[in-house]
Amino acid sequence: MELRSLPKVELHLHLDCSLSYEAVSRLAPEVSREEYDRDYVAPARCTGLPDFLIRAAKGFQLMQSETSLEVVTEDLFRQLDADGIIYAEIRFAPLLHLGQGVPVERVVEAVDRTMERMISKTGIEARLILCTLRHFTEAQSMATVKLVEEFRGSRVVALDIAGDEAGFPLDAHIGAYRYARERGLFRTAHAGEGLGPESVWETLRLLAPERIGHGTRCIEDSELVNHLQREQIHLEMCPSSNVQIVPSLRDWAEHPIDRLYRAGLHLNVNTDSRMLTPTTLTREYETLRAVFGWGTEEFLRTNLMAIEAAFVEDAVKEKLRGAVTGAYALA
C-alpha cells in the first residue's frame with residue numbers, strides 16, 4: 001500500500017509551527033539550513049511542552065505582515081498537496097501576529113483570503129481554527145472567540161486553546177468557551193499533553209469542547225477512557241509530536257494511539273506541526289504501520305472518524321467520505 005497518494009484528513013495542524021525551510025528562506029534569507037534545523041526544529045526529545053514551545057516563537061515572529069502570512073499559508077498548502085491531504089483544519093492565534101501594527105481583523109483576513117485562493121488552486125478543502133492561548137488574559141480570550149463569531153461564514157469555523165497546559169490555569173478562558181457554546185460555535189481544546197488525565201477531565205468540565213487536541217495521557221485513567229468512548233469525544237492525536245514532548249513516552253511503541261483505537265475511542269492521526277516536529281502525515285502513517293501493524297482498515301476508519309468530527313458542513317463531509325472510501329477500496 002503506497003501511503004503518500006492515499007487521501008488523508010488532518011484536523012490538528014498549527015500554521016505558525018509548520019514553516020518549511022523554503023518559507024523561512026523567503027521571509028529571512030539570512031537563515032541557513034543548519035540554523036533552521038537547530039533553531040526552528042525542536043529537539044527529538046524535549047524536556048516537556050515548554051521546552052518544545054520555545055521554538056514556536058521563531059515561526060510567528062516571521063509572520064507579522066499580511067504578506068508573510070500569505071507566504072506561510074501558501075507554503076503549508078504546498079506541503080499538504082505533496083502529502084495527499086484532501087481536507088485540513090489549520091489553526092493559529094491571530095493575537096500573536098500584531099507586532100507590525102496590522103489590525104487583528106486583517107490578520108485573519110490575510111490567512112482566510114489565502115486559504116480561499118489555495119483551496120481553488122489545489123482542490124484541498126480546508127477550514128481555519130482560531131486559538132486563544134493558556135497565558136492569554138480573559139480579555140484576549142474573549143477577543144479571540146469574538147473573531148470566530150465575526151468571521152462566521154468564511155473559512156473560520158472554531159475556537160481552540162493551546163499553549164503551556166501545566167503553566168497556566170483555565171480560569172481566564174471559561175467565559176470565552178461559554179460565549180462560543182451559547183452562539184453555536186465549534187470548539188476544540190488542547191489537553192492531556194503537558195499534563196495527565198486530570199487536565200482532560202478539567203477541560204471537559206470547564207470548557208465543554210467537542211474535541212480534544214492530543215488527549216495522549218488519558219490512557220492513564222480507565223474511567224476517562226470509558227467516558228471518552230461512551231461520549232464519542234474525538235481525540236486529535238499527534239504521535240510523533242507526543243513522543244517528542246511527553247517524557248513518559250520513551251519511544252513510538254509506548255504511544256497509546258493503538259490501545260485507544262482498539263478500545264473504541266473516536267480519534268484520528270495528525271502531524272501537529274511540520275516545523276517543530278519535522279514530519280508529514282505520510283510519515284506518521286508509515287510509522288504506525290511499522291510499529292503497530294496498521295493497514296488499510298485502521299487508516300480508513302480513522303480518516304472516516306476525522307471526517308465525522310470535522311467542523312464542516314455535511315455536504316463537504318459526504319464528498320470527503322466518497323473520496324476516502326473509493327481510494328481505500330482500490331488500495
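Predicted model, so just to flag it, every value in this text is computed and none were measured.

### So, helix H7 (residues 138-150)
And then number 1: Here H7 spans 18 Å end to end across 13 residues, near enough to the 18 Å set by a 1.5 Å rise per residue.
And then number 2: Where H7 is buried, its residues contact helix H6 (104-122), strand S3 (125-133), strand S4 (156-162) and helix H8 (174-182).

### Brief notes about the packing of helix H14 (residues 296-309) against helix H15 (residues 314-330)
And then number 1: Interhelical geometry of H14 versus H15 gives an angle of 175 degrees and a closest axis separation of 10 Å. Considering the angle they form, H14 stands roughly antiparallel to H15. Seen from H14, the contacting residues are Thr-296, Phe-299, Leu-300, Asn-303, Leu-304, Ile-307 and Glu-308; seen from H15, they are Lys-317, Leu-320, Arg-321, Val-324, Thr-325 and Tyr-328.

### Considerations on the pairing of strand S5 (residues 186-191)
The two faces of the sheet receive side chains in turn, since in a regular strand these alternate between them.
And then number 1: With five of six residues buried, S5 lies mostly within the body of the structure.
And then number 2: One crossover worth recording links S4 to the parallel S5 by way of H8, and it is right-handed.
And then number 3: Two strands pair when backbone bridges link them, and S5 and strand S6 (residues 211-214) are joined in this way by four bridges, in the parallel orientation. Within S6, the position partnered with Ala-189 by the bridge is Ile-212.
And then number 4: In this view, the connection linking S5 to its parallel neighbour S6 by way of helix H9 (residues 197-207) has right-handed handedness.

### Considering H6
And then number 1: Helix length check: H6, at 19 residues, gives a terminal C-alpha distance of 27 Å against a target of 27 Å (1.5 Å per residue), a fit within 8%.
And then number 2: Taken residue by residue, H6 has Val-104, Val-107, Val-108, Ala-110, Val-111, Asp-112, Thr-114, Met-115, Met-118 and Ile-119 as its buried positions.
And then number 3: Those residues of H6 that are buried lie in contact with helix H5 (66-82), strand S2 (85-92), S3, H7 and S4.
And then number 4: Looking one or two residues beyond H6, the residue adopting positive phi is Gly-123, at roughly 85 degrees.

### A short note on the pairing of S6
And then number 1: Here three bridges tie S6 to strand S7 (residues 234-237), and the two strands are oriented parallel to one another. If you follow Ile-212 over to S7, its bridge partner there is Leu-235.
And then number 2: On the question of chirality, the crossover connecting S6 to the parallel S7 by way of helix H10 (residues 222-231) is right-handed.

Procedures and definitions
- Position labels on residues start from 1 in each chain and follow its written sequence.
- Reporting in this predicted model follows two pLDDT cut-offs: at least 70 for local features of residues, and 80 or more for side-chain atom pairs to be given and counted; totals over whole chains, interfaces and linings ignore these cut-offs and use all residues.
- The basis for every side-chain value is the complete set of heavy atoms in the structure, and neither hydrogens nor water enter the calculation.
- Labels follow the DSSP assignment, with helices taken as runs of H or I lasting at least four residues and strands as runs of E lasting at least two, numbered in each case from the N terminus.
- One less than the number of residues in a helix, times 1.5 Å, gives the span that helix is expected to have.
- Any two residues having at least one pair of non-hydrogen atoms within 4.5 Å are treated as being in contact.
- Fitted lines through C-alpha atoms serve as axes, helices being fitted only where they are in contact, and the angles separating the N-to-C directions of these axes extend from 0 to 180 degrees.
- If an angle is under 35 degrees, it is roughly parallel; if it is over 145, roughly antiparallel; if it lies from 65 to 115, roughly perpendicular; otherwise it is oblique.
- With a 1.4 Å probe rolled over the protein chains alone, any residue whose accessible area is under 20% of its type maximum counts as buried; one over 50% counts as exposed, and the rest are partly exposed.
- Seen with its strands pointing away from the viewer, a crossover is right-handed when the path leading from the first strand over the helix to the second is clockwise.
- Strands pair, by our definition, only if DSSP identifies at least two bridges between them.

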